[in-house]
Structure formats: structure tokens, C-alpha cells
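# Coordinate inspection notes
Each chain is listed here by its residues.
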Amino acid sequence: MQTKYDVVIIGSGPGGYVCAIRCAQLGFKTAIIEKYTTLGGTCLNVGCIPSKALLDSSEHYHNAAHNFEKHGINLSSLKVDMKKMIERKNSVVSQTCDGVKFLMDKNKIDVYTGVGSFVDKTHIKVIGADKKETVLETKNTIIATGSKPNFFPGMEPDGKRIITSTEMLNLDEVCKNLIVIGGGVIGLELGSVHARLGAKVDVVEFADSIIPTMDRTLGKELTKVLKKEGFNFHLQHRVQGVKNTGKGVEVTALNAKGEAVVFKGDYCLVAVGRKPYTDGLGLDKIGITLDKRGMIEVDAHLQTSVAGIYAIGDVVRGPMLAHKAEDEGVFVAEVLAGQKPHLDYNLIPGVVYTWPEVAAVGKTEEELTAAGVPFKVGSFPMKALGRARASMDLMGLVKIIAHAETDEVLGVHMIAARAADMIMEAVTAMEFRASAEDMARIVHPHPTFTEAIKEAAMDATGKRAMHI
Ligand code: FAD
Ligand code: NAD
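Residues numbered from 1 in each chain as written. Chains lettered and ligands numbered in written order. Predicted model: local features only at pLDDT ≥ 70, side-chain atom pairs only at ≥ 80, totals over all residues. Heavy atoms only, no water.

## Re unusual backbone geometry
Backbone torsion omega between Trp 355 and Pro 356 reads 0 degrees, so that peptide bond is classified as cis. Within the fold, Pro 356 resides in the loop between strand 18 (350-352) and strand 19 (357-362). In this structure, Pro 447 follows His 446 across a cis peptide bond, with omega equal to -5 degrees. By the secondary structure assignment, Pro 447 is in the loop between helix 13 (436-441) and helix 14 (451-462). One non-glycine residue, Lys 108, lies in the positive phi region at around 55 degrees. Structurally, Lys 108 can be placed in the loop between helix 4 (82-106) and strand 3 (110-113). Despite not being glycine, Lys 131 shows a phi value in the positive range, around 70 degrees. (Helix = DSSP H or I, 4+ residues; strand = E, 2+ residues; numbered from the N terminus.)

## Observations concerning the domain arrangement of the chain
Under the domain assignment used here, the chain contains domain 1 (2-149 + 275-345), domain 2 (162-272) and domain 3 (356-462). Listed as interface residues are 12 residues of domain 2 and, on the opposing side, 15 residues of domain 3. When the two sides are added together, the surface that domain 2 and domain 3 hide from each other amounts to roughly 1000 Å², 74% of it contributed by carbon and sulfur. The largest contributions to the domain 2 side of the interface with domain 3 come from Asp 215, Leu 218 and Glu 221, which together make up 48% of the buried area. On the surface where domain 2 and domain 3 come into contact, there are 1 salt bridge. A salt bridge links Lys 399 to Asp 215; the shortest N-O distance between them is 2.8 Å. Between domain 2 and domain 3 we count 5 residue pairs in polar contact (both at pLDDT 80 or more) in total. For the side of domain 2 that touches domain 3, the residue count by class is 5 nonpolar, 2 polar and 5 charged. (Domains from an automatic or database assignment. Contact = heavy atoms within 4.5 Å. Buried area = accessible area lost by both parts, 1.4 Å probe. Salt bridge = Lys/Arg side-chain N within 4 Å of Asp/Glu carboxyl O. Polar contact = N/O pair within 3.5 Å; in protein donor to acceptor, adjacent residues only side chain to side chain. Nonpolar A, V, L, I, M, F, W, Y, C, P; charged D, E, K, R; others polar.)

Structure, rendered in C-alpha cells:
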């Protein structure tokens, strides 16, 4: 294999592999280095794809157990085959990872399997599992090494009873009582998988709301939804320690009054965020600087403190999301080609794949209040829609926040069936700086869940929602 490249990318997650494709499309001789034998990074192997596969399977079970009868469909002897559910998830993962390999080959991108590290600014060493070393010479390097689960002292995962999302995605038994530390995205998504399959789920959260960084309305509404599925929430509880007792776990937390509270269960999922991963890259050798959270510091072009070396995705500031990593990958490739790409960080949507789904884009009410921006709010409950009644997806709402004077839409927050897809209407509208009036005047198909967006926009712009 040729070892001289225009671009070498370290890490094959959604940031790295998408960047590689765009580099190849732009005519750069490109190589990608991945330490694992499968491509696709956290997202494809132990993140977005496997979690959504299990969420879909558990949702089918939950509907069969609780909702089919109301639709006039009677089932007998329903049971969960967890091993089969995990096997199907594994097959979805391997097909998706193989797809990335196909794309690398199709775009003539050289793939090196092994750990990549800097020899100097223009040479990257790859050490394979067989300890064989290859040195690649490159004009530009993109660091796309992603992130790993975080934890605090006292809650160190042991991979058996005290686990992270990575082990949880391979657990082939249904938890009886799962204790989740952290009421964020991972805790609520993976907690949902087991709650739907019959587990009692206790979420111990430090903040005074679940999904605390999203608009507060969403946390409140999602709490109601998840309580019906078997979740209990213990808010304002700061976890102090977790113990594996052999057949179970004991989680000790301090409540708001400073009293110690003990939660007992069979497994504990530690889901208190993720940390950037730069171990073994040899960044100190070339003088690349990290911020105090351990993220690689980059400028507006995603270039590090060293010219010709860029960083993207979870390893740099901004939301730790696959689509953010992908778009940063495209952005850097186009910067290298001398183009002037643009990425609006305010318009990166966020989704929580519970059911109903939670989705948001733009500013929250709390952020606008803190910034002193005058705004008005419109909202519409899903239960007032014919489509929602037909499918029995009555929980949730759409909330639209618009500027009080200009009517420009500043934020859209929803909890609704298919919100993950519906949010794109809001992203598109906001990309073109639509007003609430614009959104209210767009013709929406009937009967669809999207009618809630039109109604919420009518409510925001002139308190003229019609079906409530
Ligand atoms: P990663 O995907 O982490 O990839 C980095 C790659 O670099 C890895 O393959 C790693 O092995 C490799 N690597 C690291 N160091 C080296 C080295 N020195 N040499 C060679 N290779 C190296 N995001 C969403 O947008 N939607 C979701 O639904 C979603 N669900 C998630 C569910 C879970 C359970 C988790 C954990 C995460 C989820 N995420 C989701 C977040 C998403 O997975 C990440 O934001 C995304 O994977 C980041 O992409 P990346 O390319 O920056 O890094
Ligand atoms: P998170 O930041 O979403 O949630 C962590 C939660 O843990 C927070 O609510 C925080 O207040 C709480 N917490 C922190 N310390 C605590 C303590 N000592 N005791 C109790 N609670 C404590 O992090 P996550 O859920 O681990 O997810 C990590 C990342 O992965 C997120 O940045 C997310 O963007 C990404 N992810 C995205 C998706 C998606 O897009 N659907 C799915 C999964 C993961």
C-alpha cells in the first residue's frame, strides 16, 4: 500500500468515516485508521445503532403486551427472548459496519487497522494487533477519536453489575430492578428498553429534572410518560458510591436534605456523560493543547493548535452527537479543499428516542430568559390531533418559541410520536429564518402528527390554534 497521503484520519466513527468520504470525493488521497476490526466507531458499534435496534424491539413487545388488545388484536403466550433480541441487534450492527467498509472501498480510501499515534506533525504510526508498525506520511491529519463513558469516584463500572451503555447493550437478560445513575439521554433510552420489557427502573439524578439541559417543559412531560412505563425518579440525589453485592448492587446517594438514601437493584447503569478520548495519540509530542474538560482545542475551522491537524466530533467542544460529528467531517474536508463551508451549531437538533420521542432545536425558554431576549410561546397537545387518537399516541406536545417582536422562530421543542423525524420541519424553517406566521401558513397533510407543529405556530403567532 502507498504510505503517502493528502489526508490521514484517525478514528472511523461518524465523524471520521464521513470526513474520509468527503475528502475522497474532493480528490484527496485519503487513509483512515481504526483500532477496532469493525468500522463505524461508537455510533455504529456501541451507540446510536444498537440502542435504536433494542429500542425498536422493546417497543414492539411493549405494544404487543399493552396496546394490541385495545386495537382488537389478541395474543396469547407473549414472551421475551432476550438472546434473540440481542442477536438481531448484533446483525443490524454488523450489516451497518460492513456498509461503512463498502463505502471506504468504493471511494478508494485505504483502511489501516491498528492504534494510530503521532510520530511528528506529518507522520502517523499505526500499530496493529500483531504489533506490526506502519508509518504513514501525510499533509493533513484529522483527529476523530471520539469519546468513552465517564464516571465519578465511587461509581467505577466493574463491567458485571455496575455497567456502562457498552455492556448494557449486550445484556442478555431483562433486569428486574435497574438502578440508573443519570437522567440524561443514555439513562432514559436504555432504561426504556428494560422498563418496556418489564423491569422496574430507578433513575437517580443529581439535577432537579430529567434531561435537564433541554427545555424544562420536555423534562416535565417525559417524566409523566416514563412513570407509566415503570420508571421512578429520584431527583436532586447526588450519587456517592455504588457497590456490587454479588447478585446485585447498592447505590448510595445524598438527597436534597443531605440524607443518605440507598437504592438496591440487580444492575446499575452508570450514565453520567461521556469524556473525550485522546489516550495514546501522542498529542504532547506535537504540542496539541486540550481544554480543562480534556477536549482538543480547535479554532473556527476546527484546526488544532498545530497547523494542518484538525479535530472533529466528540473529541471537540459542542454536543456529542453523531450528526454533529458527520457535519464537522464534511466541514473540515471542504476547508482543506479551499471551500468556505458553514455549520450552524444553533441548529443541530437533539433527539431522545423514548416513546413518544423527544426532539428539539434552537434555544430553550430558560436560555432566552437568561439572555434577556423577549419571546412568546405557542404550544399544542398531541391529544387534540385526530392522527394521535387513531394511533393511541396521545401523550406529548409541540412548543414553539418565537421572538416577541419579530416573530422569528427561536426554538422548537416537542415530545410526540415521530418527533425525531418531525423536528426536521422546524430545522428547515429555522435555517431559512422563518417566522411563526410562516410556519402557521404552510399547508400540512391531514391527518398527520405534523399538524401539531402548524397549530403550535398558530398559537405562538396570534393565539389562533384551531383544534383546541
Ligand atoms: P466515535 O464514534 O466515538 O468514533 C471514534 C473512533 O475512533 C472509535 O472507533 C475508536 O475506536 C477510534 N479510535 C480512538 N482512538 C484511536 C486511535 N488512537 N487509533 C485508531 N482509532 C482510534 N448520537 C446521536 O446523534 N444519536 C443517537 O441516537 C445516539 N445514540 C447513542 C447511544 C449510545 C449508547 C451512545 C454511547 C452514544 C450515542 N450517540 C448518539 C452519540 C454518538 O455515538 C457519538 O456522538 C458519535 O459516535 C461521535 O462520533 P465520533 O466520530 O466523534 O467518535
Ligand atoms: P447526559 O449528559 O445526557 O446525562 C447525564 C446525566 O447525569 C445528567 O442529567 C447529569 O445531571 C447526571 N449526573 C451527573 N453526575 C451525577 C451524579 N453524581 N449523580 C446523579 N446524576 C448525575 O449523558 P449520557 O446520558 O451519559 O450521554 C452521553 C452523551 O451521549 C450525551 O452527550 C449525548 O449527547 C450522547 N447520546 C445521544 C443520544 C441521542 O442523541 N439520542 C443517545 C445516547 C447518548
